[in-house]
Amino acid sequence: MPDDWFDAATYRWQEWDLNDLVEVKRTSGTTVSLVVPARNEAATVGDVVARVREALVDTVDLLDEIVVIDSDSDDDTYEVAAGAGARVHRARDIRPDLGSYPGKGEAMWKAQFVTTGDLIVFMDADLTDWDTHFVPGLLGPLLTRDDVTLVKGFYERPFDDGTRSEAYEGGRVTELVARPLIARSYPRLAWLVQPLAGEWAIRREWFEALTVPTGYAVEIAALIDTANALGPEAIAQVDLGRRAHRHQSLRDLGAMATQVITAVQARTYGGEHPQVVALRQYVPGEGGIAAAEREVVTYERPPARGLR
Ligand SMILES: O=c1ccn([C@@H]2O[C@H](COP(=O)(O)OP(=O)(O)O[C@H]3O[C@H](CO)[C@@H](O)[C@H](O)[C@H]3O)[C@@H](O)[C@H]2O)c(=O)[nH]1
Ligand SMILES: O=C(O)[C@H](O)COP(=O)(O)O
């Protein structure tokens, strides 16, 4: 079964000509927003925004807006992104009546209130090896197939933290957490090569209908909820080539894994959904190993549709 979906719903970004996509967008009157959630990404967000703007706004008319959602940064992310040509909003300043949570999913959920595109493309701000074809690649299935609602990117993911460099060794949470959870509970999603990819696109009307985890579980939740409600045939994936990014520390990935597991368990077993999970980790301390407890926020936002 997964292999059937792989054959039916997997594309390569080269399958679409950029000018053809621009023409489909123009004749269909479709509008497109690029949303970049960013927390302390002053080092890379300028490159991401400037290159996309030049290639897909200034040169051709593929994107109607580039919106960076500054997610509680304490560096110059806001200024750098604005200087590169993005419209920038601080997540906590968007719809303050709805409160504020930390996290990437929160930034993406809040983006719905400050963007207008019929299609929303998400892209991470910490990319170091990437190209602007990511965006038209993700839009290809949405602009050319009415039956596709959500498109995931996938790519070769190297691991390179400055001390070790190996092809295909990136994606620790993907390989150790997401893929085993999918194998156990959602095997019909096993054809997805990078289920956690931060580069993906979705029809706005469907995103507005989704419950959105405020943290890093936003991707896995969107996949499961879309497959459950619309069937896996509403999902496509596109090979985008190669992508490298800034790696998080192992213990930070432990918090990410906690969010991913919590969101999947909620969907698999139901029951009461925790807003916070206490994650105890062990770190070097004075005189040996010391316990460190983290409050991992696992709260989920309700569909934005009713809150406009
Ligand atoms: O509180 C936060 C944390 C992160 N980000 C941004 O979200 C993007 C991805 O965050 P990152 O910390 O780089 O995540 P990764 O370790 O790369 O995690 C991968 O796996 C996650 C789990 O599915 C996905 O959400 C990510 O997009 C995907 O890149 C970056 O632009 C961050 O600046 C925020 O906006 N707010
Ligand atoms: O997608 C993932 O699994 C996480 O982003 C971790 O990726 P990394 O192991 O390449 O840092």
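The paragraphs below set out a description of the structure included in this document. Not measured: the values here are computed from a predicted model.

Focus: the packing of helix H9 (residues 218–230) against helix H10 (residues 250–269)
Running from N to C, H9 and H10 cross one another at 20°; their axes reach a closest spacing of 9 Å. Viewed along their axes, H9 and H10 adopt a mutual orientation that is roughly parallel. Here H9 and H10 pass one another in a crossing that is right-handed. Contact residues: Ile220, Ala221, Ile224 and Asp225 in H9; Val260, Val264 and Arg267 in H10. Grouping the amino acids of the contact of H9 with H10 by side-chain chemistry returns five nonpolar, no polar and two charged.

Considering the pairing of strand E14 (residues 276–285)
By the bridge criterion, ten bridges tie E14 to strand E15 (residues 288–297) in an arrangement that is antiparallel. When the sheet's bridge partners are listed, Arg280 is paired in E15 with Glu293.

Let's talk about the site of ligand 2
Around ligand 2, the surrounding shell consists of Arg157, Gly170, Gly171, Arg172, Val173, Thr174, His245, His247 and Leu253. Between Arg172 and ligand 2, the recorded distance is 2.6 Å, taken from a side-chain N or O atom to an oxygen atom. In this structure, His245 approaches ligand 2 through a side-chain N or O atom, which is 3.3 Å from an oxygen atom. A total of three residues in the shell around ligand 2 trace back to one element, the largest contributor, which is helix H7 (residues 172–185). For the shell around ligand 2, the per-class residue count stands at two nonpolar, five polar and two charged.

About the thresholds
- Residues numbered from 1 in each chain as written.
- Chains lettered and ligands numbered in written order.
- Predicted model: local features only at pLDDT ≥ 70, side-chain atom pairs only at ≥ 80, totals over all residues.
- Heavy atoms only, no water.
- Axes fitted to C-alpha atoms, helices over the stretch in contact; angles between N-to-C directions.
- Helix = DSSP H or I, 4+ residues; strand = E, 2+ residues; numbered from the N terminus.
- Parallel < 35°, antiparallel > 145°, perpendicular 65-115°, else oblique.
- Left-handed = near helix turned anticlockwise from the far one by under 90°.
- Contact = heavy atoms within 4.5 Å.
- Nonpolar A, V, L, I, M, F, W, Y, C, P; charged D, E, K, R; others polar.
- Pairing = 2+ DSSP bridges.
- Near = heavy atom within 4 Å.
- Polar contact = N/O pair within 3.5 Å; in protein donor to acceptor, adjacent residues only side chain to side chain.

Note that every value here comes from positions in space, so none of it alone points to a role or purpose.
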